[in-house]
Amino acid sequence: MPTVVSVENVTKVYDSGFEALKGVDLQIEEGEILALLGPNGAGKTTLISTICGITTPSGGKITVAGHDVITDYRAARSLIGLVPQELSLEPFEKVMNTVKLSRGLFGKPKNDAYIEKILHQLSLWDKRSAKVMELSGGMKRRVLIAKALSHEPRVLFLDEPTAGVDVELRKDMWDVVANLKADGVTIILTTHYIEEAEAIADRVGVINQGRILLVEPKEDLMQRMGQKRLTIELQDAVANIPDALASYDLMRSGDGMALIYSYETTSSRTGITTLLSDLQKAGLQMKDLQTRQSSLEDIFVDLVKEEA
Ligand SMILES: Nc1ncnc2c1ncn2[C@@H]1O[C@H](COP(=O)(O)OP(=O)(O)OP(=O)(O)O)[C@@H](O)[C@H]1O
């Protein structure tokens, strides 16, 4: 996949002296959905703002489809749509008009068929004549997306698109994103919801304290760092882990009714078969077994913990 957005060694020091980005490198591929995960204050919004030309980087280089975001600002900006975190809309304007207005601001010629298409895509067509103030919060968020798409950008940034929306609407939003991807739009979204990254991203980037810790295909990340946990429920509680099982690094549940074994999903030998036979030899009776794959959430917490 060709690179559409290239971020090289970008730094940002705010006037206060705070270093929000500490040498970020990021290559965003054409047509992908990249989720940027990070705790509050990690630098996600700052990074997006520097790519969109809202904030000037203190150092480094950013290009969008080869256009430098500083020296070739207009060309770069015309390829980008940005859906900001905060709802910033004209309350008295009608939905259709506010979207058309956004297109006009980019100096694009009128294209009613295109506007109609995005309003349909975002399920806003029926609301086209409603005033923005009459819409629900979720609908307003859709209007923000429609505005961001009004000038036919190739790259769409969504800063926390589902913050404060209910579960139902969050799923709708994921469908919207999937449709845009099918249309060839590259999508970068920041999120606090790990399940969101897990559900819709092709690649996941983790950012913390102004540094990118990793960017990887979601599946690779889960496989590389994922561990499975096997919980062995016992017939009778054990006070200690028997010496014969010491090599397995087992954990004992608080009540002693279960032993927990962690293993790498990628290794060819999990060690489960020998563990179960050693368990029997040690005289422990098994009641039940459960396995659990670690989620992106576990991986994220581990990564950020390591960094601290
Ligand atoms: N204009 C500013 N002046 C000084 N510091 C700022 C400014 N804007 C942001 N910061 C600081 O830079 C850091 C990164 O902020 P940023 O908004 O990029 O984080 P974020 O990852 O988007 O966080 P959140 O998840 O809370 O939106 C924070 O510590 C923030 O306080």
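Computed from a predicted structure; not experimentally measured. (Residues numbered from 1 in each chain as written. Predicted model: local features only at pLDDT ≥ 70, side-chain atom pairs only at ≥ 80, totals over all residues.)

1. A few points about the environment of I200
Right, so step 1: Here I200 lies in helix α7 (residues 194-200).
Right, so step 2: Accessibility expressed as a C-beta count within 10 Å gives 19 for I200, which makes it partly exposed.
Right, so step 3: A C-alpha to C-alpha distance of 44 Å links I200 and A239, two positions 39 residues apart in sequence.
Right, so step 4: In contact with I200, not counting residues within four places along its chain, are I33, W174, V177 and A178. (Helix = DSSP H or I, 4+ residues; strand = E, 2+ residues; numbered from the N terminus. Buried ≥ 20, exposed ≤ 12 C-beta atoms within 10 Å, placed from the backbone. Contact = placed C-beta atoms within 7 Å.)

2. Focus on unusual backbone geometry
Right, so step 1: The phi dihedral of A65 is positive, around 45°, even though this residue is not glycine.
Right, so step 2: With respect to the helices and strands, A65 occurs in the loop between β4 (59-64) and β5 (67-68).
Right, so step 3: With a phi close to 55°, E152 is a non-glycine residue in the positive phi region.
Right, so step 4: Turning to its location among the elements, E152 is positioned in the loop between α5 (137-149) and β7 (155-159).

3. Let's talk about the domain arrangement of the protein chain
Size of an interface: often given as the accessible area lost when the parts come together.
Right, so step 1: Domain annotation of the protein chain identifies domain 1 (3-223) and domain 2 (227-293).
Right, so step 2: Taking the mean C-alpha position of each, domain 1 and domain 2 sit 45 Å from one another. (Domains from an automatic or database assignment.)

4. Some words on the site of the ligand
Right, so step 1: For the ligand, the full set of nearby residues is Y14, S16, F18, A20, G38, N40, G41, A42, G43, K44, T45 and T46.
Right, so step 2: In terms of residue class, the shell around the ligand is built from 4 nonpolar, 7 polar and 1 charged. (Near = placed C-beta within 6 Å. Nonpolar A, V, L, I, M, F, W, Y, C, P; charged D, E, K, R; others polar.)

5. Here's the deal with the packing of helix α3 (residues 95-105) against α5
Right, so step 1: Interhelical geometry of α3 versus α5 gives an angle of 30° and a closest axis separation of 7 Å. Classified by chirality, the crossing of α5 by α3 is right-handed. Mapping the contact onto sequence places V95, T98, V99 and S102 in α3 and V143, A146 and K147 in α5.
Right, so step 2: Within the contact of α3 with α5, the residues separate by chemical class into 4 nonpolar, 2 polar and 1 charged. (Axes fitted to C-alpha atoms, helices over the stretch in contact; angles between N-to-C directions. Left-handed = near helix turned anticlockwise from the far one by under 90°.)

6. Overview of the pairing of strand β10 (residues 211-217)
Right, so step 1: Examined bridge by bridge, strand β9 (residues 203-208) and β10 share 6 bridges and lie antiparallel to one another. The residue of β10 that forms the bridge with R203 is P217. (Pairing = 2+ DSSP bridges.)

7. Concerning the pairing of strand β8 (residues 186-191)
Right, so step 1: Counting buried positions along β8 yields 6 of 6 residues, so the element is predominantly enclosed.
Right, so step 2: Burial of the side chains of β8 extends over both faces: T186, I188 and T190 are buried on one face and I187, L189 and T191 on the other.
Right, so step 3: Sheet analysis places strand β3 (residues 33-37) next to β8, joined by 5 bridges and oriented parallel. By the bridge assignment, L37 is partnered in β8 with T191.
Right, so step 4: The sheet contact formed by β7 and β8 spans 5 bridges and is parallel. When the bridges of β8 are listed, V155 appears paired with T186.
Right, so step 5: Note that the unit made of β7, helix α6 (residues 167-182) and β8 has a crossover that is right-handed. (Right-handed = clockwise from strand over helix to strand, strands pointing away.)

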